[in-house]
Amino acid sequence: MKFTSIRYKQLVIHDLGVRFVDGEVEVTDKTTIEALRGLPAELGVRASGGRPPEEPAQG
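This structure is a prediction, so every number in the text was calculated from the model and none was measured.

Draft legend 1. Inspection of the side chain of T32 at higher detail. Position of T32 relative to the elements: it lies in helix α1 (residues 30-37). Residue class for T32 comes out buried when judged on its relative accessible area of 11%. Sequence-distant contacts of T32, that is, excluding residues within four places in its chain, are made with L16, V18 and V27.

Draft legend 2. Quick look at the side chain of T4. Structurally, T4 can be placed in strand β1 (residues 2-5). Assessed through its relative accessible area of 11%, T4 is described here as buried. Within polar-contact distance, the side chain of T4 engages the side chain of S48 at 2.9 Å. Ignoring any residue separated from it by four or fewer positions in sequence, one finds T4 in contact with F20, G23, E24, G44, V45, R46 and S48.

Conventions and cut-offs
Residues numbered from 1 in each chain as written. Predicted model: local features only at pLDDT ≥ 70, side-chain atom pairs only at ≥ 80, totals over all residues. Heavy atoms only, no water. Helix = DSSP H or I, 4+ residues; strand = E, 2+ residues; numbered from the N terminus. Buried < 20%, exposed > 50% of the residue type's maximum accessible area, 1.4 Å probe, protein only. Contact = heavy atoms within 4.5 Å. Polar contact = N/O pair within 3.5 Å; in protein donor to acceptor, adjacent residues only side chain to side chain.

Structure, rendered in structure tokens:
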């Protein structure tokens, strides 16, 4: 899942091992995703996209 930091473009959250580059980061770990969603609004971090939908199996 992609997250955007609109306030701090180079935000680093050491406890989560997350480093924003130009205000964006891609996260795949569910625990980290939930932690980022729970950050205070003052940090300006928000989810900006998810995974593309999976292709249906063809058979």
